[in-house]
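Okay, here's what each chain looks like letter by letter:
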Amino acid sequence: MNWKMYDELAGYCNTHRVTLVAVSKTRSATEILRVYESGQKIFGENKVQEMMSKQPLLPNDIQWHLIGHLQTNKVKAVVPFVYMIQSVDSLRLLTEINSQSQKINRTIPVLLQVHIAREETKFGLSYEETEELMRSKAASEMKNVLIHGLMGMATLTEDQNLIRTEFRSLKNFFDRCNRDGSELQVLSMGMSSDYKIAVEEGSTMVRIGSVIFGERAG
Ligand SMILES: *Cc1c(COP(=O)(O)O)cnc(C)c1O
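Report on the accompanying structure. Keep in mind that what you see is a predicted model, and the values were worked out from it rather than measured.

## Details of the overall build of the chain
At step 1: Of the regular secondary structure elements, the chain holds 10 helices and 8 strands.
At step 2: A globule of 218 residues ought to have a C-alpha radius of gyration of about 17 Å, and the chain, at 17 Å, matches this closely.
At step 3: Its C-alpha atoms give the chain principal-axis dimensions of about 50 × 40 × 30 Å.
At step 4: For the chain, with 218 residues in total, the buried portion stands at 48%.
At step 5: Accessible area of the chain: about 11,100 Å², with a carbon and sulfur share of 47%.

## Focus: the nonpolar core
At step 1: Counting residues in each nonpolar core, the largest one holds 60 residues, and the members touching the most others are Phe43, Leu70, Ile85, Ile97, Leu150 and Ile212.
At step 2: Sorting elements by how many residues they give to this core places helix H8 (residues 160-179) first, with 6 residues.
At step 3: Met84, Leu111, Met151 and Val186 belong to the second-largest nonpolar core, a separate cluster that totals 7 residues.

## Examining the packing of helix H6 (residues 127-135) against H8
At step 1: Relative to each other, H6 and H8 sit at 25 degrees, their axes nearing to 12 Å. By the angle between their axes, H6 is roughly parallel relative to H8. Where H6 crosses over H8, the handedness of that crossing is right-handed. Packed against H6, whose contacting residues are Tyr127, Thr130, Glu131 and Met134, the element H8 presents Glu166, Ser169, Leu170, Phe173, Arg176 and Cys177 at the interface.
At step 2: Here the contact of H6 with H8 is composed, by residue class, of 5 nonpolar, 2 polar and 3 charged.

## Some points on the site of the ligand
At step 1: Around the ligand, the surrounding shell consists of Val23, Lys25, Ile67, Met153, Met191, Ser192, Arg207, Ile208, Gly209, Ser210 and Arg216.
At step 2: Interatomic distance of 2.5 Å between a side-chain N/O atom of serine 192 and an oxygen atom of the ligand.
At step 3: If the ligand stood free it would expose 390 Å²; the protein chains cover 91% of that surface.
At step 4: Residue composition of the shell around the ligand, by class: 5 nonpolar, 3 polar and 3 charged.

## Observations concerning the side chain of serine 210
At step 1: Relative to the helices and strands, serine 210 resides in helix H10 (residues 210-213).
At step 2: We classify serine 210 as buried; its relative accessible area is 17%.
At step 3: Ignoring anything within four residues of it in the chain, the contact list for serine 210 reads Arg27, Ser192, Glu215 and Arg216.

## A few points about the layout of surface pockets
At step 1: Estimates place the volume of the largest pocket at around 500 Å³.
At step 2: Forming the boundary of the largest pocket are 22 residues, of which Glu119, Met153, Ala154, Leu156 and Met191 lie nearest the centre.
At step 3: Among the secondary structure elements, those contributing two or more residues to the lining of the largest pocket are strand S5 (108-115) and H8.
At step 4: Among the elements that take part in the lining of the largest pocket, S5 stands out by supplying 3 residues, more than any other.
At step 5: Among the residues forming the lining of the largest pocket, the class breakdown is 10 nonpolar, 9 polar and 3 charged.
At step 6: Space inside the second largest pocket adds up to approximately 430 Å³.
At step 7: If you go around the second largest pocket, you meet 18 residues; those closest to its centre are Met134, Ile147, Ser182, Glu183 and Leu184.
At step 8: Elements represented by at least two residues in the lining of the second largest pocket include exactly H6, helix H7 (137-140), strand S6 (145-153) and H8.
At step 9: Element by element, the count of residues in the lining of the second largest pocket is highest for S6, at 4 residues.
At step 10: Across the lining of the second largest pocket, the residue classes break down as 9 nonpolar, 4 polar and 5 charged.

What counts, and where the lines are drawn
Residues numbered from 1 in each chain as written. Predicted model: local features only at pLDDT ≥ 70, side-chain atom pairs only at ≥ 80, totals over all residues. Heavy atoms only, no water. Helix = DSSP H or I, 4+ residues; strand = E, 2+ residues; numbered from the N terminus. Rg over C-alpha atoms; globule rule 2.2 N^0.38 Å. Buried < 20%, exposed > 50% of the residue type's maximum accessible area, 1.4 Å probe, protein only. Areas by Shrake-Rupley, 256 points an atom, 1.4 Å probe, with all protein chains shown as cover. Core = buried A, V, L, I, M, F, W, Y, C linked by side-chain atoms within 4.5 Å. Axes fitted to C-alpha atoms, helices over the stretch in contact; angles between N-to-C directions. Parallel < 35°, antiparallel > 145°, perpendicular 65-115°, else oblique. Left-handed = near helix turned anticlockwise from the far one by under 90°. Contact = heavy atoms within 4.5 Å. Nonpolar A, V, L, I, M, F, W, Y, C, P; charged D, E, K, R; others polar. Near = heavy atom within 4 Å. Polar contact = N/O pair within 3.5 Å; in protein donor to acceptor, adjacent residues only side chain to side chain. 1 Å grid on protein atoms, 1.4 Å probe; cavity = no way out; pocket = protein on both sides within 12 Å on 5 of 7 lines; lining within 4 Å. Points joined across faces, edges and corners; volume = space filled by probe spheres on them.

Set out below in C-alpha cells:
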C-alpha cells in the first residue's frame, strides 16, 4: 500500500470530480481494510468468487463494484450485495440481473461494457450492439436494472495517442447516446497506466489498482 500515491490520487480525483474505484483484486481483506480506513469506500473486483469471499469480512458500507466478466449463473449470488455491475455485455446477462434483482426488490445500477481496444477479446459490446441493446424494447421494460453509463478499457500499449483516441471515441459515443435521449451519468474509463488521459477525455469514474496497492504479483 502506497499512502503517498493514494493521497495524491484521491486528491486528483476529488479535484477533477471523478469517482475513484479502488481495484482490490488479488489483495487480502486486511489490505483492503487499511485503504478503507483511509476513507476509501468504493472497491472493485473482477471475479465473483473472490468478491464474495471478501465481502463478509469487511465493513458493510463498502460499495462493491463488479468490473470483470459475469456469467449468468453467478448473477443470483452477487445481486444481494453488489453496488454496481460495470461489465454488462449482453442482453441475456442484463435480463438475468433484472430478474434476480426483482426477486429481492432491488434496482441495480449497471454499466454497459464497450469494446474499444485493438486487442481481440470476447468481452465488451461494439458501439452498434450497445446502441441496439439500449434501444431494445426488452431493456426499456426492465424495472430492476438502471443503465447508468458505459465502461471501456483502452488498448494496453505505450502509444498514448492510440489510448487517447479510444477514450475520445467512447466519450463521443456517450455524448451521442445522451443527445439521442439516453440518460447516462457514468463514463468509467481509466486504470493505473492511463487514468490521466481518460480524465482529460471526459471520464467520470476511474478504476485503479496498482497505483494504490502496488504492483500485482503474477
Ligand atoms: C485490474 C483492473 C483494473 C485496474 O488495473 P490497474 O492497472 O491495477 O489499475 C481496472 N479495470 C479492470 C476491468 C480491471 O480488471
